[in-house]
Amino acid sequence: MSTIAFDQLALTRIADFARSLTRLHQLARTELVDDDRIDREFNAVCRSIWDYCPDDLDDEMFAPEDLAWLDTLDEGSARIFAAEQGYDLVDDSGMLTDWWGYCWMVLAEKRGLLTPDNRAAARARIEDSYRASPNVIGVIVGR
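Before going into details, it helps to say that this report is about the structure given with it. Here the structure is a predicted model, which means the values were calculated and not measured.

## Examining the environment of Asp-128
For step 1, the next point in the chain: Along the chain, Asp-128 falls in helix H7 (residues 116-132).
For step 2, the next point in the chain: For Asp-128, a relative accessible area of 48% corresponds to the partly exposed category.
For step 3, the next point in the chain: Sequence separation between Asp-128 and Ile-80 is 48 residues; the distance between their C-alpha atoms is 37 Å.

Okay, here's the thing in structure tokens:
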């Protein structure tokens, strides 16, 4: 029995949540699109799926082996990993542009890292790093 045959109806199709982000990536092929705009849209996709985004975590929360494994991912192994966890990384034109970031989030979910305590800790570390910068006079946090 094959271990890579998945019930497509049982998978969460990330592309359904990422339509705006996909259009933004397509637009970026022909005109300048601000990276922050793409990051905000990627975060919005993640929040709509997991209620968390990469800013709610940091690398320190992952085991070193997990980070090393993420670095070895290619599109094929990412697609299999995501499908094993219940996610589809493909849209009508192929692999989603941000497949690696989605795998990062899927792994965070698998490891149980998507918690309010981890969110608070990651946000505090981000704020601390901003405050430590000599050019920052304040940090505005929207909650």
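## Focus: unusual backbone geometry
For step 1, the next point in the chain: A positive phi angle, near 70 degrees, is found at Asp-51, a position not held by glycine.
For step 2, the next point in the chain: Within the secondary structure, Asp-51 is located in the loop between helix H3 (35-50) and helix H4 (64-72).

## Describing the side chain of Asp-56
For step 1, the next point in the chain: Considering the arrangement of structural elements, one finds Asp-56 in the loop between H3 and H4.
For step 2, the next point in the chain: A polar contact is formed between the side chain of Asp-56 and the side chain of Arg-123, at a distance of 2.7 Å.

## Some thoughts on H3
Residues spaced three or four apart along an α-helix face the same direction, because each turn holds 3.6 residues.
For step 1, the next point in the chain: For H3, which comprises 16 residues, the first-to-last C-alpha distance of 22 Å matches the rise-based estimate of 22 Å (1.5 Å per residue) to within 8%.
For step 2, the next point in the chain: Ile-38, Phe-42, Asn-43, Val-45, Cys-46, Ile-49 and Trp-50 are the residues of H3 that are buried. In an axial view of H3, the angular spread of the buried residues amounts to 155 degrees, which keeps them on one side of the axis.
For step 3, the next point in the chain: Elements in contact with the buried residues of H3: helix H1 (14-17), helix H2 (19-28), strand E2 (87-88) and helix H6 (99-110).
For step 4, the next point in the chain: Taken from the residues just after H3, Asp-51 is the one with a positive phi, measuring 70 degrees.

## Some points on the nonpolar core
For step 1, the next point in the chain: Counting 36 residues, the largest nonpolar core has Ile-14, Trp-50, Leu-57, Leu-89, Tyr-102 and Met-105 as the members making the most contacts within it.
For step 2, the next point in the chain: Elements supplying a minimum of two residues to this core: H1, H2, H3, helix H5 (75-84) and H6.
For step 3, the next point in the chain: Among the elements that take part in this core, H6 stands out by supplying eight residues, more than any other.
For step 4, the next point in the chain: Apart from residues no more than four positions distant in its own chain, Leu-89 is found in contact with Ile-14, Ala-78, Arg-79, Ala-82, Gly-94, Met-95, Leu-96, Trp-99, Tyr-102 and Cys-103.

Cut-off values and rules
Residues numbered from 1 in each chain as written. Predicted model: local features only at pLDDT ≥ 70, side-chain atom pairs only at ≥ 80, totals over all residues. Heavy atoms only, no water. Helix = DSSP H or I, 4+ residues; strand = E, 2+ residues; numbered from the N terminus. Buried < 20%, exposed > 50% of the residue type's maximum accessible area, 1.4 Å probe, protein only. Polar contact = N/O pair within 3.5 Å; in protein donor to acceptor, adjacent residues only side chain to side chain. Expected span 1.5 Å × (residues − 1). Arc of directions from axis to C-beta. Contact = heavy atoms within 4.5 Å. Core = buried A, V, L, I, M, F, W, Y, C linked by side-chain atoms within 4.5 Å.

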